[in-house]
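Given next are the chains, with one letter for each unit.
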Amino acid sequence: MKVQIKFKKLNIMIVILFIALSIILPSQAIAEDPAPAVDSVPITDPAPAEVLAPTENPSPATDPIPTEGAAVEAPVVSADLLVTEPAPDTIRPSITVNSISLQSDGVVVKGFVSDNQAIDQPIVMKVIYPDATEEVLTPISGSWSFKTDVSTKLNKLKIQATDASNNTTEIPAQRPYIKSITMSVFKYKEKVYKEDGSYQDEDVTADIDILKHEGITRATLNQTIKIELSDLLSHSIVNPFIVYDKQQQPVPIANITFDSPNNIIELTLNDLNQGETYWLKFNTSLISTGQPNESTLLDDGGLNFYPVIKKFTTVSNAVKSYSINGYKMVEMDNLEKQPHGYYNNNVNNCTICHNTHVGSSSSLQGKDLAENYCMACHDGTAAPKMENADSDIKSKHETQAITEHQTKSGSCTACHNPHLTWSEDNQNLLKDHYVYEHPSSDEWEGKPVGEIDSSIQLCESCHGRYTYSYKERAEEAGAYKVLHYQKESSAIGQITTTDQVKDGITTKISNVEDYNLCFNCHNSEKQEQTNNKTKDILSYYTNSDSKHIISAINGNSLNGQIPCAECHETHGAKNIFLLKDKLGHENQQDFSLAKVEDWTDIKKRDFCLTCHNGKTSIYGVTGKAIYDENGVSLNTTNENAKSGHARDSAEVCSACHSNNNSFIEAVHGPVTINTP
């Protein structure tokens, strides 16, 4: 009995000892490791978490003591106490090629590189050549450039950028492109006489690169079109071309061959209609969607060739049917049947449009045609019909108010000179002028005459009745020029200056010669004369700070202001203001504007966004997007820009991109106004 009592006492003592130890040991642990303050953050934890301090008098554990062999539950750790590792950076650097320019000692390529990392994080750049040699590039504030040999195929070069997280981007320095498109044009029909006095008619033709001559006329009816590529191809090709007429009906291509050694594709077209306008499209999928399909032409490296759209008009019956050389009676008679030119040989041509003694105006125009001279033939009957002369036209290029002819024909003579003779360099009879640099010895009132542009100051104003002989001298010096209306493949767009001398005072006049056909009317003087009906666009195009000055990287020569024809039709349009209904070269966008009432701030903004969307491009240059896929502004430099560039903003672009909130300035010569 005593033994049992002693054993019970021993058990009670063990329990008391165990309870005492359970209280004493945790207290010592807490004393040795003091609790952190509520607001403190462990230095080693990159993602601060909220940590609760224990109370001063913690309660003893009340859970039952596990018996031997029982499963022990793992301690629960709060997710707030876990250390979170930062997500790895997987965003690659962005590389853009901004310009490719030909210089005397090589080709210079310039561009920009950017990344999402901090600006002090290095970006390693290099050019990789076809033989695997590398050239290190050192970007300065994101800008980089390099120079290479003229003969180097830029689409064989790779530009590489690697950021601090080892993310790498690699792009070609340039995509492949079409170098030339040669077509045959009809010059005239001549009589070739034989020894027996008989003769036969022979067509005299010329081969013309339609990339250098815009809107060619007199294309022959049976064509072999030669397309020269920028890069050699070793693989077979699927036809990447479409030819179609004004009804958008495809024209059968009789044959297509690829001359691999000379890198030339040849298309054969037979029996085209006389006096008809056609379009040649190359790599059409890139034009409409920007995505290649099975007929898209690629180079050997898998790069898309840049797309092309070119217009041409075939020779009309009125021009082709009559020989014009020689001075025999039969040939002189044929001269009367020519619609334009050859007036030095036969003044009877004048009677086509003018009456000899009586007319409806001081220029003796015939009464029956006074209201529509040109369209009497250019309605598709005797001459090609204008491509936009359809019933759904919303705006026409009528310019009677600023010409000497207050008739509908005045609209045509604002740009065309019907008295000129067709030539390879002026196939559309555009108005011409002289730009002559007078010898230093030529003075006017004791001052050098300098360079004179006859479109600014008439030669007759100084030379009077002797002007004709002086013009011959000017032509010999290369001073004769056509008022240009250059477009996509022929424009350079550079700003030039010339002298205007009035009352002995010489004034520098700025111009953009490639578009001076347009600026012959769209200048400040004409704007004042027409009481603001004709807008002054020249002032914006001669602003060297314009953000629409770009350099082509698609093989074209543009290195200046964007051609007028990128946004405007020439003769008439389905939109008001002669605006095109499709804009861009790749990933084209539709645009519709039927009436003036719809030309709201939102619509103006939409017009700009047809290019500034991050996917539509012209000349190989993609329009810079102003917001991301979530509609958030990509410009974070200031609050106004962040607000105005957001997708849901209703602010018109001219609020920040013109000097006087002028949308005309914002679209023709946009500038950036720095606002806080």
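Along each chain, residue indices are assigned from 1 in the same order as the chain's sequence is written. Per-residue local features are limited, in this predicted model, to residues with pLDDT of at least 70; the limit for side-chain atom pairs, both in listing and counting, is 80 or more; totals at the level of whole chains, interfaces and linings are taken over all residues. Only hydrogens and water are set aside when side-chain values are computed; all heavy atoms of the structure are taken into account.

Draft legend 1. Up close: the nonpolar core. Think of a nonpolar core as a cluster: buried Ala, Val, Leu, Ile, Met, Phe, Trp, Tyr and Cys residues, connected wherever their side-chain atoms sit within 4.5 Å. The buried label applies to any residue whose accessible area, calculated with a 1.4 Å probe on protein chains only, is under 20% of its type's maximum; exposed applies above 50%, and partly exposed to all values in between. Ile178, Ile181, Ile216, Ile227, Leu229 and Phe312 are the most contacted members of the largest nonpolar core, which totals 29 residues. Helix and strand definitions here come from DSSP, where helices need a minimum of 4 consecutive H or I residues and strands a minimum of 2 consecutive E residues; each element is numbered from the N-terminal end. Ranked by residue count, the leading element in this core is strand S8 (residues 178-193), at four residues. When sequence neighbours within four positions are dropped, the list of residues in contact with Ile227 reads Ile178, Ser180, Ile181, Phe241, Asn263, Ile264, Ile265 and Leu267. The contact criterion used throughout is that any non-hydrogen atoms of two residues lie within 4.5 Å.

Draft legend 2. Layout of unusual backbone geometry. In the Ramachandran plot, Asn166 falls in the positive-phi region, its phi being about 70° despite a non-glycine side chain. Within the secondary structure, Asn166 sits in the loop between strand S6 (158-162) and strand S7 (168-172). Of the residues examined, Asn166 reaches a relative accessible area of 61% and is grouped as exposed. The phi angle at Gln248 is positive, at roughly 60°, despite the residue not being glycine. On the secondary structure map, Gln248 appears in the loop between strand S12 (241-245) and strand S13 (255-259). On the basis of relative accessibility, which here comes to 62%, the residue Gln248 falls in the exposed class.

Draft legend 3. Representation of the pattern of salt bridges within the structure. When a carboxyl oxygen of Asp or Glu is within 4 Å of a side-chain nitrogen of Lys or Arg, the pair counts as a salt bridge. Overall, the coordinates contain 14 salt bridges when judged by the stated rule. The salt bridge partner of Lys187 is Glu424, with a shortest N-O separation of 3.4 Å. Separated by 237 residues along the polypeptide, Lys187 in strand S8 and Glu424 in the loop between helix H5 (409-413) and strand S18 (432-437) bring together distant segments of the chain. When its relative accessible area of 25% is taken as the criterion, Lys187 is described as partly exposed. Given a relative accessible area of 27%, Glu424 falls into the partly exposed group. For Lys595, the salt bridge identified is with Asp598, shortest N-O distance 3.2 Å.

Draft legend 4. Summary view of empty space enclosed by the protein. A pocket, in this scheme, is an open set of points on a 1 Å grid over the protein atoms alone with protein on both sides within 12 Å along at least 5 of 7 lines, while a cavity is a set where a 1.4 Å probe fits but cannot get out; residues line either one if an atom lies within 4 Å of a point. Grid points are joined across faces, edges and corners, and a volume is the space filled by probe spheres set on the points. Under the criterion given, the structure shown has two cavities of 30 Å³ or more. If you add up the space inside the largest cavity, you get close to 100 Å³. Tyr177, Ile178, Leu211, Tyr306, Pro307, Val308, Lys310, Glu488, Ser489, Asn554, Gly555 and Asn556 are the residues that line the largest cavity. Partitioned by chemical class, the residues of the lining of the largest cavity number six nonpolar, four polar and two charged. Basically, the charged four are Asp, Glu, Lys and Arg, the nonpolar ten are Ala, Val, Leu, Ile, Met, Phe, Trp, Tyr, Cys and Pro, and anything else, Gly included, counts as polar.

Draft legend 5. Structural context of the pairing of strand S3 (residues 124-128). We call two strands paired when DSSP finds no fewer than two bridges between them. Bridge count between S3 and S6: five bridges; the pairing is antiparallel. Bridging from a neighbouring strand, Ile128 pairs with Lys158 of S6. Where S3 and strand S4 (residues 134-137) come together, four bridges link them in antiparallel fashion. Each residue of the ladder has a partner; that of Met125, found in S4, is Leu137. Counting the residues between successive antiparallel strands, the hairpin from S3 to S4 contains five residues, one of them, Ala132, with a positive phi of roughly 75°.

Draft legend 6. Structural view of the confidence of the model for the protein chain. The predicted model of the protein chain averages 81 in pLDDT, with 77% of residues at 70 or higher. Known as pLDDT, the predictor's confidence for each residue is given on a scale from 0 to 100. Confidence over residues 1-5 falls short of pLDDT 50; this stretch has zero contacts with residues more than four positions distant or in other chains. Contacts of residues 27-72 to residues separated by more than four positions or lying in other chains number 14 contacts, the stretch itself having pLDDT below 50.

Draft legend 7. Broad picture of the sheet that holds strand S5 (residues 143-148). Taken in spatial order, the three strands line up as S1-S2-S5 in an open sheet, and their pairing is antiparallel. Two strands lie at the open edges of the sheet, namely strand S1 (94-103) and S5, each paired on one side alone. Sheet twist, expressed as the average angle between the axes of neighbouring strands with direction ignored, equals 20°. Axis geometry follows a simple rule: fit a line to the C-alpha atoms, using only the stretch in contact for helices, then measure angles between N-to-C directions, giving values from 0 to 180 degrees.

Draft legend 8. Representation of the side chain of Asn263 in the model. Of note, Asn263 is situated in the loop between S13 and strand S14 (264-269). Asn263 gets classed as buried once you look at its relative accessible area, which sits at 5%. N or O atoms within 3.5 Å of each other form a polar contact, as long as, within protein, one can give a hydrogen and the other can take it, and as long as residues adjacent in sequence are counted only when both atoms are side-chain atoms. Side-chain polar atoms of Asn263 contact the backbone oxygen of Leu229, separated by 2.9 Å.

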